[in-house]
Amino acid sequence: MMVKHWAVVGLLAVSQLACNQVQDMAQNPTPETPVNATEPELDTAEDRSDYREMDLSQFIEGNQLDQMEDQLNPRSLMGVILSRPVSLEGRAEETVMIDYGGPPPSEIAVVKHTMIGLPDDSVNSMRYRIEMTWDPQNPDEDWQVVWVGQQFRCQQGRGQQDWGSDSCI
């Protein structure tokens, strides 16, 4: 019985350590923070087609991006997304991926934030597509969020089972 107790205590300690490391990476991204830069070029028009466009100013204000003077870039946005206090109830997976579309210096980045297994009667999963631009000719300038869209996957019997822009019922 004592062995089981210590095994549970050990597993809890390891999971807490892992959570702390993920939170630290989100708040302090480094050049080693993993990103996806394998695609040669981003086709924004085609990739936007299955997303519902969101109000850009509401997204910026809601995430307090307008207060990030001289600090906004794709990695700092990833940190903002992952450091938000959210309920993990029912959540099976949450990922944030940055796609720069090619080797540096890239003028565009797409940040995709995916949440799977939401505790909602209608919506099972939600994905955001956040497009950012930057001018490599003016490296002192911040990245700008230029477009935001979202997709949904619905619970069984509540709408689309694949990613799409239609609301779940």
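Residues numbered from 1 in each chain as written. Predicted model: local features only at pLDDT ≥ 70, side-chain atom pairs only at ≥ 80, totals over all residues. Heavy atoms only, no water.

1. A short note on helix α4 (residues 74-83)
Link 1 in the chain: Burial analysis of α4 places eight of its ten residues in the buried class, which makes it a mostly covered element.
Link 2 in the chain: The complete set of buried residues in α4 reads P74, R75, S76, L77, M78, G79, V80 and I81. (Buried < 20%, exposed > 50% of the residue type's maximum accessible area, 1.4 Å probe, protein only. Helix = DSSP H or I, 4+ residues; strand = E, 2+ residues; numbered from the N terminus.)

2. Here's the deal with the state of the cysteines
Link 1 in the chain: Taken as a whole, this structure holds one disulfide when the rule is applied.
Link 2 in the chain: A sulfur-sulfur distance of 2.1 Å marks the disulfide that ties C154 to C168. Its torsion about the S-S bond being -90°, the disulfide of C154 and C168 is classed as left-handed. One end of the pair, C154, is in strand β5 (residues 144-154); the other, C168, is in the segment after β5, with 14 residues separating them in the sequence.
Link 3 in the chain: For C154, a relative accessible area of 3% puts it in the buried group. (Disulfide = S-S within 2.5 Å.)

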